[in-house]
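# Observations on the three-dimensional arrangement
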Amino acid sequence: MQLTLWTYEGPPHVGAMRVATAMRGVHYVLHAPQGDTYADLLFTMIERRGERPPVTYTTFEARDLGGDTAELFQTAARDAYARYKPQAMLVGASCTAELIQDDPAGLAEAMGLPCPVIALELPSYQRREHWGASETFHALVRGLAKRDAKPAPREGRRPRANILGPTALGFRHRDDLVEVKILLSALGIDLHVVAPLGATPAELQTLGEADFNISLYPEISDTASRWLERQFKQPTVRTVPIGHGATMDFIREVALVAGVDPAPALGLGSRMPWWSRSVDSTYLTSKRVFIFGDGTHALAAARVARDELGFEVCGLGCYNREFARDVRAAAEDLGLEALITDDYLEVEAAITAAQPEMVLGTQMERMIAKKLKLPCAVISAPVHVQDFPARHSPLMGFEGANVIFDSWVHPLVMGLEEHLLTMFRDDFEFHDAAGPSHLGAGHGGSASAETLKVMPNPAPAAAEEPQGWTADAERELLKIPFFVRGKARRNTEAYAANRGISAITVDTLYEAKAHLSGGGRP
């Protein structure tokens, strides 16, 4: 464990909260000190849910440690059942409470509560949030599913599927689910249970009645779906439909498992294949992109970037080590070495070294890209409030492919516009003090030759001079397009270092350019 400013995942009990909050009729009793109640804000502030998570905290204080904290837990559990009357209860400890070893599982079992109690053993100092969500969902499925459940005979009915994996606080889970339901409807497949999102304990009991399962978010659902395969012999669809090509593959796999014709769903299509080949998109091809996120979204993004948009993937990695093998295999196929880390500083260093023209990542990579003045699109959790939009904005299915095209291409387009504005920032019509030129001089514009004579160019804004670069050289560097600016900076610094130049001036910048490319000052 290390002290950090940012973290990609919370402790495992936050994953358990995501599952409990997603479901109906479940309550989570968490043995935790007062400070651990911060987790509520993840759902009410970031996801903007209209109600608090169904979690009761024991909220012991330092002075309680000299007394009976076990009794505090039992009292909290009894009160929670009396108040909320859940169909099932989860019990566990936060990372801090784990240290006092009160054994919530044993305490809850001894209480004899009149509902199923699922005890969670989540090692807070070895595991992280996604693992905690996966283990919690697996424990619920294993503890509640009826062992004698089985599908009804297929004669005279449509195939039925379970969708497994969507949770609360999931990146675009709400909207992805809408798109997957559209695909299943087009294939003539009925939806049996969606879990955890929106499911009740009673519905989990009937999981075995479906013909097959769809593992939509493997970080959450893979362990549970493998248990269902063993217990009920249910096949599992594992293709994640992110991107046009993956959606087509998903449809074909579902149709094969269900024994239906894929044509009606394949005919729905997206705009991405044509738009990515259209004239106004071709100038984006071969752009270097760095991809980092959870394993599922990073792998999907790498396929879309290379195969559907023509980008060059110059970096690929994930923060959840459970998916390291898959990400390493994909990176090797791209001729890269995968970055597997949960240290954002390592990610920042890798992005800086790779010199990409765009970053696809999490909220953390968005901040890193902003610092490096690079375009960025968010493709994976962790995310901030702006990535829980009020509008429909999926990543999965054909509409998700359209959203991906817009989300990834627009930052590059806007980056080019921003570069043009930067190039002309000292022009008499475009500097900050100039008003709209078509309104005339009375509105701060410059409508006459006389105005042009007397209006001086504004002084550039004062900025902290970077180490080794003069202010004039730094301003000149900004005239270079953003997508090669990093390379130009590093080439110039290497040129200066080799010649013992301590202060990089405008002349040094153009001398380096002439040395490396045979060009000179424009």
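Let us look at the structure shown here.

Cut-off values and rules
- Think of each chain on its own: its residues are numbered from 1, step by step along the sequence as written.
- In keeping with the predicted nature of the model, local features appear solely for residues at pLDDT of at least 70, side-chain atom pairs appear and are counted solely at 80 or more, and the whole-chain, interface and lining totals rest on all residues.
- Based on all heavy atoms of the structure, the side-chain values leave hydrogens and waters out of the count.
- Counting from the N terminus, the helices are DSSP H or I runs at least four residues long and the strands are E runs at least two residues long.
- Three exposure classes are used, based on accessible area relative to the maximum for each residue type with a 1.4 Å probe and protein chains only: buried under 20%, partly exposed in between, and exposed over 50%.
- Contacts: residue pairs with any heavy atoms within 4.5 Å of one another.
- Here a strand pair is declared whenever DSSP counts at least two bridges between the two strands.
- The axes used here are C-alpha line fits, helices contributing only the stretch in contact, and every angle between their N-to-C directions lies in the interval 0 to 180 degrees.
- Only protein atoms enter the 1 Å grid, on which a cavity is a set of points fitting a 1.4 Å probe that cannot get out and a pocket is an open set with protein on both sides within 12 Å along at least 5 of 7 lines, lining residues being those with an atom within 4 Å of a point.
- Grid points are joined across faces, edges and corners, and a volume is the space filled by probe spheres set on the points.
- All residues other than Ala, Val, Leu, Ile, Met, Phe, Trp, Tyr, Cys, Pro, Asp, Glu, Lys and Arg, Gly among them, are scored as polar; the first ten of these are nonpolar and the last four charged.
- Grouping buried Ala, Val, Leu, Ile, Met, Phe, Trp, Tyr and Cys residues that are joined through side-chain atoms within 4.5 Å yields what is termed a nonpolar core.
- Geometry of aromatic contacts follows a simple scheme: Phe, Tyr and Trp rings, the Trp one being its six-membered ring, pair when their centres are within 6.5 Å, and the pair is stacked under 30 degrees between planes, edge-to-face over 60, tilted otherwise.
- Cation placement over rings: the criterion is NZ of Lys or CZ of Arg within 6 Å of the ring centroid and within 35° of the ring normal.
- Here a patch means residues that are over 30% exposed by relative accessible area and free of salt bridges, tied together within 9 Å if like-charged and within 5 Å if nonpolar (Val, Leu, Ile, Met, Phe, Trp, Tyr).
- The protein chains shown are the only cover counted for residues, whose accessible areas, like all others here, come from Shrake-Rupley with a 1.4 Å probe.
- In what follows, salt bridge is the name for a side-chain nitrogen of Lys or Arg lying within 4 Å of a carboxyl oxygen of Asp or Glu.
- For a crossover, the right-handed case is the one in which the path from the first strand over the helix to the second runs clockwise, viewed with the strands pointing away from the viewer.

The next thing to look at is the overall build of the protein. When helices and strands are tallied, the protein shows 20 helices and 13 strands. The buried share of the protein, reckoned over its 522 residues, is 50%. Sequence separation of 24 or more characterises 70% of the internal contacts of the protein that already satisfy a separation of 6 or more.

Before going further, it helps to examine the sheet that holds strand S5 (residues 160-164). With parallel pairing, four strands are arranged side by side in an open sheet as S6-S5-S7-S8. A strand with exactly one partner marks an edge of an open sheet, and here the two such strands are strand S6 (190-195) and strand S8 (236-237). Pairing of strand S7 (residues 212-215) with S8 involves two bridges; the strand directions are parallel. When the sheet's bridge partners are listed, Asn 213 is paired in S8 with Thr 236. On top of the sheet, helix H6 (residues 173-187) reaches S5, S6 and S7; it is set at about 160° to S6, its chief contact.

Counted by the stated rule, this structure contains four cavities of 30 Å³ or more. Computed from the structure, the largest cavity encloses a volume of approximately 90 Å³. What lines the largest cavity is a set of 13 residues, among which His 130, His 173, Tyr 217, Asp 294 and His 297 lie closest to the centre. Secondary structure elements with two or more residues in the lining of the largest cavity: helix H8 (218-232) and helix H12 (295-308). Here the residues of the lining of the largest cavity are counted per class, giving five nonpolar, five polar and three charged. When its volume is computed, the second largest cavity comes out at roughly 60 Å³. If you go around the second largest cavity, the residues you meet are Ile 242, His 297, Ala 300, Ala 301, Val 304, Val 378, Ile 379, Leu 395, Ile 404 and Trp 408. Contributions of two or more residues to the lining of the second largest cavity are made by H12 and helix H16 (397-423).

Let's shift gears to the environment of Ala 93. Its location among the elements puts Ala 93 in strand S3 (residues 88-93). Using a relative accessible area of 17% as the deciding quantity, one classes Ala 93 as buried. Residues Ala 93 and His 31, spaced 62 residues apart in sequence, show a C-alpha to C-alpha distance of 4.5 Å.

Turning next to the nonpolar core. Counting 119 residues, the largest nonpolar core has Tyr 28, Leu 204, Ile 214, Val 254, Ile 291 and Trp 408 as the members making the most contacts within it. Among residues more than four places away in sequence, those in contact with Leu 204 are Met 23, Phe 137, Leu 140, Leu 144, Ala 145, Ala 195 and Ala 199. Val 29, Ala 70, Ala 77 and Ala 108 belong to the second largest nonpolar core, which has 13 residues in total.

Read from one edge to the other, the open sheet built from four strands follows the order S2-S1-S3-S4, with strand pairing classed as parallel. Single-partner strands in this sheet number two, and they are strand S2 (55-57) and strand S4 (117-119). Averaged over neighbouring strand pairs, the angle between their axes works out to 20° when direction is ignored. Of the pairings in the sheet, the one linking S3 to S4 comprises three bridges and is parallel in character. In the strand pairing of S4, Leu 90 is matched with Ile 118. Where helix H3 (residues 69-84) meets the sheet, it contacts strand S1 (26-31), S2 and S3, and its direction lies at approximately 165° from that of S1.

This part takes up the packing of aromatic side chains. In total, this model carries four aromatic pairs according to the counting rule given. Judged by centre distance (5.4 Å) and plane angle (55°), the ring pair of Tyr 8 and Phe 292 falls under tilted. Here the residue Tyr 8 occupies a position in the segment before helix H1 (12-22), and Phe 292 occupies one in strand S9 (residues 288-293), the gap between them amounting to 284 residues. Through a chain of ring-to-ring contacts, the aromatic side chains of Tyr 8, Phe 292 and Tyr 319 assemble into a single cluster. In this structure, Arg 489 packs its charged tip against the face of Trp 469, placed 5.0 Å from the ring centre.

Bringing a nonpolar patch on the surface into the picture now. Together, Val 178, Ile 182 and Leu 268 make up an exposed nonpolar region whose accessible area comes to about 240 Å². Position of Ile 182 among the secondary structure elements: in helix H6.

Bringing the pairing of S5 into the picture now. With respect to burial, S5 is a largely interior element, four of its five residues being buried. For S5 and S6, the ladder comprises five bridges, and the chain directions are parallel. Bridge assignment links Ile 163 to a residue of S6, and that residue is Val 194. You can see the chain leave S5, run along H6 and come back into S6, and the turn it takes is right-handed.

Before going further, it helps to examine the pattern of salt bridges. One pass over the structure, following the stated rule, counts 24 salt bridges. In this structure, the salt-bridge partner of Arg 252 is Asp 249, at a minimum N-O distance of 3.5 Å. In this pair, Arg 252 and Asp 249 both sit in helix H9 (residues 244-258), three residues apart, roughly one turn of the helix. For Arg 252, a relative accessible area of 43% translates into the label partly exposed.

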